[in-house]
Each structure stands twice: as C-alpha cells, then as structure tokens.
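Per-entry structural report
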Amino acid sequence: MATKNRQNPATNLGEEDRSTLERVAVGFARRLRTAGLVVPVSRTITYARALDLVGLSSRERVYWAGRATLLGRREDVGVYDRVFSAYWLGVSTGVQTDGPEPVLLALDDVESDADGEPEVAPEPDKEMLAVHYSAVESLREKDFAAYSEEEWADAYRLIAALSVSAELRRTRRQRRSRRRHGAFDFRRTVRLAMHTGGDLFVHARKLPTDQPRPVVLLVDVSGSMESHARALLCFTHAVTWANRSRKVEVFALGTRLTRITLELRTRDPNVALAAASSAVLDWSGGTRLGENIGRFNDRWGMRGVARGAVVVVLSDGWDRGDPALMASEMERLSRVAHRVVWVNPLKALEGFAPIAQGMAAALPWVDDFVAGHSIDALEHLADVIANSSGTKSSQKINQTLLASK
Amino acid sequence: MGMETIERSWEPMDEKLTVEVVSAALVKHAYLADEGLATSIFLSMALNKPLLLEGEAGVGKTEVAKVLAAWTGGKLLRLQCYEGIDVAQAIYEWDYARQLLHLRTAEASGATAATEDELYSERFLVRRPLLAAIDHGAGPPPVLLIDEVDRADDEFEAMLLEVLSDYTVSVPELTTFRAKVPPRVVLTSNRTRDVHDALKRRCLYHWIDHPDFEREVAIVGLRVPDAFPGLVRQVAAAVEALRDLHLYKPPGVAETIDWVAALAALGRREIDERSVALSLGSVLKYQEDQATARNAGLGELVRVALQRGH
Ligand SMILES: Nc1ncnc2c1ncn2[C@@H]1O[C@H](COP(=O)(O)OP(=O)(O)OP(=O)(O)O)[C@@H](O)[C@H]1O
Ligand SMILES: [Mg+2]
C-alpha cells in the first residue's frame, strides 16, 4: 500500500526473529482452531504482521493484536482468552484439545481383523480394555493443561510409577564386590584366608560405592504455572517419596521461597499436595524468580543443599524481576550444583521461543532444558535427572499400563 | 510511478505511527480509547485494513471515525446504512435531471444531438460515499464511515465486500475507478444482525465495551469540562448502577455525557432524587426503562451514586 513506507513503524526485528514470530503466530492460530474457532489462513497472516508491528514485549499488546486480527465475533473472546493464557502464559485452558479418538482406534482394529467379513460386534470386555488402554496411552503425549478431572487419576498413577533417582556419584567408601571385578581387596582376602589355613581360595575384591546425588527441586507456583503446577508437584512428590530416605529437597518459588520437602514425604499424592499447598502461602501469586533463586542460594544452596546436586527448576520463566539478577543467581547456582536442569512446560508448544525475559536470562546456566508438559515429557525428565539415556523409567510406565488392564 | 508522486504529495504525520501516538492523538480530539481500541485503530491504519467496531449503543463507535478524520485531516465520508440501501445511495448515481436538461438545451440550440458519451461523462456522475472514498484526490486519504452496517441487507454487504476487496468501483458507462491510496475504513454495528463472515474477514475487529468507572469519569471530564468533578463521578456511578437493571436500552457513554450536561445546566453540583427524576429522560430514552428505574427506586440510586462517587 502506498502509505506503508511512512507509516509502518520500524520493528527492529531481524529475519530470524521474524520467522520465529511467524511460527509463534501459526502455532497460536492452530491452537485456536483446535479449541474450536474458525481461523482462516488470511487472518493468521494478518496476525503475524500485527505482531511484527506491535512487538512481543508487551503482553497486553500481544493480546489485543490477536483479538483484533484473529477474531470476528465477541462470542469467541472467551475461548481466545483461555487459549491465549495457555499459549503465552501457561494458565489452564479448560479446552479439551484431544478428541475421543481412543474409541475409534478400537473399532478400527475390529474392522481390519474382520477384513471383508460381515461386521461382528466385538466382545464387550475386549473393547472396553482396548478403549481404556488407548485412553491411558493417549494421555502420554497430552499437555497437562488440557487434562480433564478424570484424567488426573490416571496421571497420578503414571507419574508415581516413574520412580526417579538421581545419577550416581562415586564416594570414597567402598563396598564388597560379589563378582570378579573391582580392585583386589587385600585385607579381606587375607581375613578369609585365615579360615582356610592361609590358602587363598577366595580372592576378595572391592568396588567403589556409588551413591545417588542429592536432588533439589525448585517449583514455580506462580499464577502463570497454574495448569502445570499440579502435575509438576505430583512429579516432585513422586521423586521425594521414592527417595524419601535420601537427599531430596523441594522448594516452592512464588513471591517468596517455601521449603515443602517434609510436606511431600507422604505416600498419598493427594495428601502430600494438599499439605504442600497449605504450606505455600502465596500460591498462584506473582513470580519473583531471580530473587527467590537468590534466596535459595543464600539460605540453602551455598550451605550445602545444592552442592554436587542435580538441581531441577520447574518454571515457565516468567519473572517480574530484573533479568540481570536472574542471570547472576543462576550463575551462582550452576557453580555449586553438579547439573542444572530447567523444566519449562511451554517449551512443548509449537513455535516456542524463550521470549520470557527470565527464561532467556537463565538459559546460559542451564545444562538441560526440557518440557515436562506431559507424561512422556516427565518420563524424559526422569531420564535426564538420572543422566541415563536408557529407558528404565519408560519400562516402568509400560508395566503400569499393562497392570492396569 | 504515478503512485509515488501521489504518495509524496501529502505528508500525513510527522511522527512514526505507534499505539501511543494513536492514543495521544485521540485524546487531543477529546476521545479516550483504552489499550484494546487504540491497538486496533493503530493496526487498522498500519495494515491498511478496515476496522469493524461492534458494541452497545453509545459506546463511541461512530465517534472513532469522526475523530480519526479530524486527526488525520482526511475527509469524513459517512454512509449511514438502512434496509434497502442500494448502489445509487452507496456508490454512485447519474444526475438524471441535469442529463435531461443537457439534452433539451442541446436540442434547442440546434446543435448536433447529444451523444451517449456526453451524457455519461464525469460531469453528470454523482459520487456517493463509496465512490468518493475510492476516487479521492491527492491529500490524506479520506475516512470512510460505514455506519450501522447491521441495518443494511445481504445484497449491500456483497456490494461492500466487492468494493473493499480491491478498492475499485466500476461504472460500466464510464470507467473503473481505482483507489491510489485506499481510504481508512471504519464500519460500525450494533449487532442487530450478524455481519457476513466474508466481510468480517476483510476487517480487523474490536468489540467496544462500556468503559469502566474511572475511564467513564475521564471521558465525561473531557466532553463536559465545565461540570463539577464530584457531579461527574456521581452520575457515572448512577449510570453504572442503571446498566445493571437489565434495561431495554442500557445507557451508553453518550447518555452519561448528556445527563451530566443536563444536570450541570440545572446548576447542580451534586445529584439528588428530584433532579434525577427531572432529568431521567436524558439518560433513559424509553418509557419502559424509565419505569423500571423508578420501580427500582431513584432514592436508592442516588444513595449508591453519592457513596460511590465521593
Ligand atoms: N471513549 C470515548 N471518549 C470520548 N467520547 C466518547 C467516548 N465514547 C463515547 N463518547 C461520546 O459518546 C457519544 C456517543 O458516541 P457514538 O455516537 O460514537 O456512539 P455509538 O457507539 O456510535 O452509538 P450508536 O450505536 O448509538 O450509534 C459521542 O458524543 C462521543 O463523543
Ligand atoms: Mg453510532
């Protein structure tokens, strides 16, 4: 258009940013469609251009740019709001994103078995099992933000089955080896030989003792994490309970820092979560991530809790504080910790870019950056914490699935 | 290129256009837009897309176009829609009377008979708002206000869609007009009927809500600067309470402004039951709504307003 040159504000966006922006726009439009809105491609294009114009630094403007370009009816605002929160902030959508596919899967199987023969009704039991299996199976990839209340029961069970333990660390203490490897245990061999009159029948050997590293979990419980906090807390409970006699520490990060380790040392996840919730006063409040990580460093981390530990931060990285503070505290943390893992449920979203300032500031000090938004993703997280690329925990999950049948 | 010359022939704004610039310019013209409306107007200008504004009566939809014209210096071309509006009203018409006159004078003067080309030439063409918006001269683009589009019918919408798709108007007897610089287009709707999807897809969309209390106070302050501030707050509070009464036509900002102006004209610095009863007609236009308000209790309304508006 003729007025374009003069009137379009320069956007300071490079080509790369622009393509990120386009992916973000397309991803968001797709989410709206999944939630039931009609969003023509032309609107998506306009939306991307609008984002380019208003930039991403103001949440309010990003919100209004989408409303002006993607919607055409006031009735759609409710859905838009929910999807917007989930996409840009991680707040619960309440929108069911997955259809009831499991039933179809079961019927498909029956048909392909019958192969040309007249349709036979499946045995009721078999169908039920198939449906249930697919339902649970389909949960694995589903974003926690889209969970229905019924699905949580299955989720708790699956998460509890992960039985996470941290990677091992060699200690100076050594233990006996039953096998023929390890260093020659001179002292024990001699002691054993005393019984046999000095004949060296048994060659005792010793192995260094491996001990799991301490695990520290820092869970963001601010408003923007609402839809994922439940699953992530459930995960921290699973870790705490499975390692209850060992060194696992859990802290909630909100407007303040709260230690919730003791609250989570209970078998029942519902009881544990309720206890943790009441311990955290500022549940779903604002976030002061950098500040609170600093508080953790001062009070706990530097005094030993984080030393040599696998530190796991579970947060979407939305921080109201100064990004510089976030960066310096993450640096302090990463210097004492063995490894820092960051779990961000938003990472799974299509076109995700770490645009939250806190997230961007923290990333340089993070060893592993994972999603943790679904059962599958938590399973991957368990492997990351254990620092094993093996499939130990997925086997666990599959056993649970089989047992549930 | 012809487009280039025209583009350089006017200098609409010195500043780079931003949402802030839009907000500030509107305030300068006594219009207070919230972040959502300001962003929508900004995008509509920057992306050259029509803006469809929906909302209850009196929330300031029409005013947006007026203020936009005043600010940008573009001519305001207003097309008030109604059922049955047609090409002759919306796009163009031939001036039959003058055509006839021309024919007669040509005959009387004994000159050669007027040709068809002569009759269907620019001088007999009457430009209605849509054509005027497309075929405008140099200078800032006009602001085309298509007001209350929900009152028109499907046929009109189809016609509008055609014009807004490529900003061209074809007059078969004459030529095809093409906008060199597209007009700024604002459509408003009260939602008595849904605007067709195809038309909506061409537009940016914004629903204007009733303003919140403080914003409404600020708007009235802008519009009736002489009114006593305490009175403005009380009236805004009373209007807010009236909007909760499920009225046939809940009062808009326009009514709040009228009411404050009426009470100020009565010399009031504070509302009281008697002056409310006297001026109720300036805020509730329907007898039924006035009755509803009276049944709910004007005394109670005044009490709430005095408390809230303090
Ligand atoms: N945000 C605002 N700032 C300043 N004035 C406003 C604002 N909103 C409304 N007004 C005033 O309210 C009056 C009514 O506005 P307007 O006629 O634009 O309403 P409308 O939405 O078009 O109503 P209708 O649906 O009845 O046509 C105008 O005098 C306008 O100046
Ligand atoms: Mg109007």
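Scroll up to find the structure.
The following paragraphs examine the structure supplied in this document. Nothing here was measured: the structure is a model prediction, and the numbers come from that model.

1. Concerning the overall build of chain B
In terms of helices and strands, chain B carries 16 helices and nine strands. Taken over 310 residues, chain B has a buried fraction of 41%. Partitioning the intrachain contacts of chain B with sequence separation of at least 6 by distance along the chain shows that 78% fall at a separation of at least 24.

2. Section: the nonpolar core
In this structure, A:Leu218, A:Val219, A:Val312 and A:Ile385 are the most contacted members of the largest nonpolar core, which totals 181 residues. Each residue touching A:Val219, except ones within four places of it in the same chain, is listed here: A:Ala229, A:Leu232, A:Leu233, A:Thr236, A:Val250, A:Ala252, A:Leu253 and A:Leu314.

3. So, helix 8 (residues 149–160) of chain A
All names here are of chain A. With 12 residues, helix 8 ought to run about 16 Å at 1.5 Å a step, and its terminal C-alpha atoms sit 17 Å apart, in line with that. Within helix 8, the full set of buried residues consists of Ala 155, Leu 158 and Ile 159. All buried residues of helix 8 project into a common sector of 90° when viewed along the axis, lining one side. Those residues of helix 8 that are exposed and angled more than 90 degrees off the buried face are Glu 150 and Ala 153.

4. Re the site of ligand 1
Residues and elements named next belong to chain B. The environment of ligand 1 is made up of 20 residues, and the closest members are Gly 60, Lys 61, Thr 62, Glu 63 and Ala 254. Taken together, the elements giving at least two residues each to the shell around ligand 1 come down to helix 4 (61–72), helix 11 (213–223) and helix 13 (253–265). A class-by-class count of the residues in the shell around ligand 1 yields 11 nonpolar, six polar and three charged. Residues from two domains meet in the shell around ligand 1; each of domain 1 (2–91 + 128–208) and domain 2 (213–308) gives at least three.

5. Details of the packing of helix 8 of chain A against helix 10 (residues 226–242) of chain A
The geometry of a pair of packed helices is captured by two quantities: the angle between their axes and the separation between those axes. Residue and element names in this part refer to chain A. Two elements in contact, helix 8 and helix 10, have axes separated by 9 Å at closest approach and are oriented at 35°. For the pair helix 8 and helix 10, the sense of crossing is right-handed. From helix 8, Ala 155, Tyr 156, Ile 159 and Ala 160 reach across to helix 10, where they touch Ala 231, Cys 234, Phe 235 and Ala 238. Here the residues of the contact of helix 8 with helix 10 are counted per class, giving eight nonpolar, no polar and no charged.

Analysis parameters
- Going along each chain's sequence as written, the residues are numbered from 1 onward.
- Note on labels: chains are lettered from A, ligands numbered from 1, in written order.
- The model is predicted, so local features are restricted to residues of pLDDT at least 70 and side-chain atom pairs to those at 80 or more, both for listing and for counting; the totals for chains, interfaces and linings are taken over all residues.
- The numbering of helices and of strands both runs from the N terminus, where a helix is a DSSP run of H or I of at least 4 residues and a strand a run of E of at least 2.
- In this scheme every C-beta is placed from the backbone, and a residue whose C-beta has 20 or more other C-beta atoms within 10 Å is buried, one with 12 or fewer is exposed, and one in between is partly exposed.
- A pair of residues counts as a contact when their C-beta atoms, built from backbone coordinates, are within 7 Å of each other.
- Put simply, a nonpolar core is buried Ala, Val, Leu, Ile, Met, Phe, Trp, Tyr and Cys residues tied into one set by C-beta atoms within 7 Å.
- Expected helix span is computed as 1.5 Å times (number of residues minus one).
- To obtain the arc, one takes the directions from the helix axis to the C-beta atoms.
- In this analysis a residue is considered near a molecule or strand if the C-beta atom, reconstructed from its backbone, is found within 6 Å of that molecule or strand.
- The nonpolar class holds Ala, Val, Leu, Ile, Met, Phe, Trp, Tyr, Cys and Pro. Asp, Glu, Lys and Arg form the charged class, and all remaining residues, Gly among them, are polar.
- For the domain bounds, the source is a domain assignment made automatically or taken from a database.
- Angles here are taken between N-to-C directions and fall from 0 to 180 degrees, while the axes themselves are lines fitted to C-alpha atoms, restricted in helices to the stretch in contact.
- Rotating anticlockwise by less than a right angle from the far helix to the near helix defines a left-handed crossing, while the corresponding clockwise rotation defines a right-handed one.

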